[in-house]
Amino acid sequence: MTVKLYAMTCGRLVGRLKDMIEGEDGQVALPIPSYLIEHPKGRAVFDTGMHPQCRTDAAGRLGERVARIFGFEHFGADDDVKSRLESIDRDPGKIDFIVNSHLHFDHAGGNELVPNATMVVQKREWEAAQDPELAAKIGFFRADFDHGHPVKQVDGEHDLFGDGSVVCIPTYGHTPGHQSLKVRTEAGEIVITGDACYFCRTLRERRLPRFVYDREQMLASLDRLEVLEKGGARLFFGHDPDFWKDVPQAPVPAF
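A short tour of the structure in this document, coming up. No experiment lies behind these values; they were computed from the predicted model shown.

Remarks on the packing of aromatic side chains
Thought 1: Applying the stated rule across the entire model yields ten aromatic pairs.
Thought 2: When the ring of Phe-237 is compared with that of Phe-243, the centres are 5.4 Å apart and the planes differ by 85°; the resulting orientation is edge-to-face. Here the two residues Phe-237 and Phe-243 agree in accessibility, since each one is buried.
Thought 3: Through pairs of rings, three or more aromatic residues link up here, namely Tyr-35, Phe-46, Phe-236, Phe-237, Phe-243 and Trp-244.
Thought 4: Directly above the ring of Phe-75 sits Arg-55, whose terminal nitrogen or CZ lies 4.7 Å from the centroid.
Thought 5: It is Arg-90 that lies over the ring of Tyr-6; its NZ or CZ is 5.5 Å from the centre.

Observations regarding the pattern of salt bridges
Thought 1: For the structure shown, the criterion picks out 17 salt bridges.
Thought 2: Residues Glu-24 and Arg-201 are paired through a salt bridge, measuring 2.9 Å at the closest nitrogen-oxygen approach. Placement of the pair is Glu-24 in the loop between α1 (17-20) and β2 (27-39) and Arg-201 in helix α9 (residues 200-205), with a sequence separation of 177 residues.
Thought 3: With relative accessibility at 25%, the residue Glu-24 sits in the partly exposed group.
Thought 4: Where Glu-38 meets Arg-90, a salt bridge forms, and the shortest distance between an N and an O atom there is 2.6 Å. Residue Glu-38 is found in strand β2, and its partner Arg-90 is found in the loop between α4 (81-87) and β4 (97-99); the two are separated by 52 residues along the sequence.
Thought 5: Given a relative accessible area of 14%, Glu-38 falls into the buried group.
Thought 6: Using a relative accessible area of 17% as the deciding quantity, one classes Arg-90 as buried.
Thought 7: Here the salt bridges do not stand alone but share partners, grouping Glu-24, Arg-201, Glu-205 and Arg-207 into one network.

Definitions and cut-offs
- Residues numbered from 1 in each chain as written.
- Predicted model: local features only at pLDDT ≥ 70, side-chain atom pairs only at ≥ 80, totals over all residues.
- Heavy atoms only, no water.
- Phe/Tyr/Trp six-rings, centres within 6.5 Å; stacked < 30°, edge-to-face > 60°.
- Buried < 20%, exposed > 50% of the residue type's maximum accessible area, 1.4 Å probe, protein only.
- Lys NZ or Arg CZ within 6 Å of the ring centre and 35° of its normal.
- Salt bridge = Lys/Arg side-chain N within 4 Å of Asp/Glu carboxyl O.
- Helix = DSSP H or I, 4+ residues; strand = E, 2+ residues; numbered from the N terminus.

So, in structure tokens, the structure goes:
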């Protein structure tokens, strides 16, 4: 079966580099990726970027602290996932699945704009989001994911279409139930790492972000990603500006 993978840049988020990788300083404009996967049995998006309210009222949506840490000046009027899908003649209302790597605002904020999909999340991620104290500690905002979508909670690996071509793989650590996505295309196998691996350097140098739910689990997830890479998969890193500048953008296939 032919599977197509398309990359979409849903704006950029300005952050402090020291929060993204140990031992660095200064600011960085982080690309916010979303991916469209087209399979003969349906369509899925992997992550949905930020909600448009972040552009106009970040503090009102995310709180003063998050709005102070991040800059939203590179999140334009056409950078939300709905606009990106429509720009390549795809109807957001006809997406079958939203696969959220995790439930942070820059990965699940656009879920509301893909209204008829089933959310596919790791069970432990969903359970953490239902615990108000834990959710607040991790940085989950109910406004990002509480829109009445059907929710499929998966535990470990999950074969989305039942033929091994699109598989959720657990990469815990960044959050309680972070997952990456393995996609087999005609050109080869891709693993979209999400925030299990912000940058290429995260993998090569094992320098983690400042805020991590479980360091040991995250390091184990990097080990798993490295094994997949050595087995022939191409890794698509979470927010790496140097890597992202060479990724073809939809409607050109990403790989």
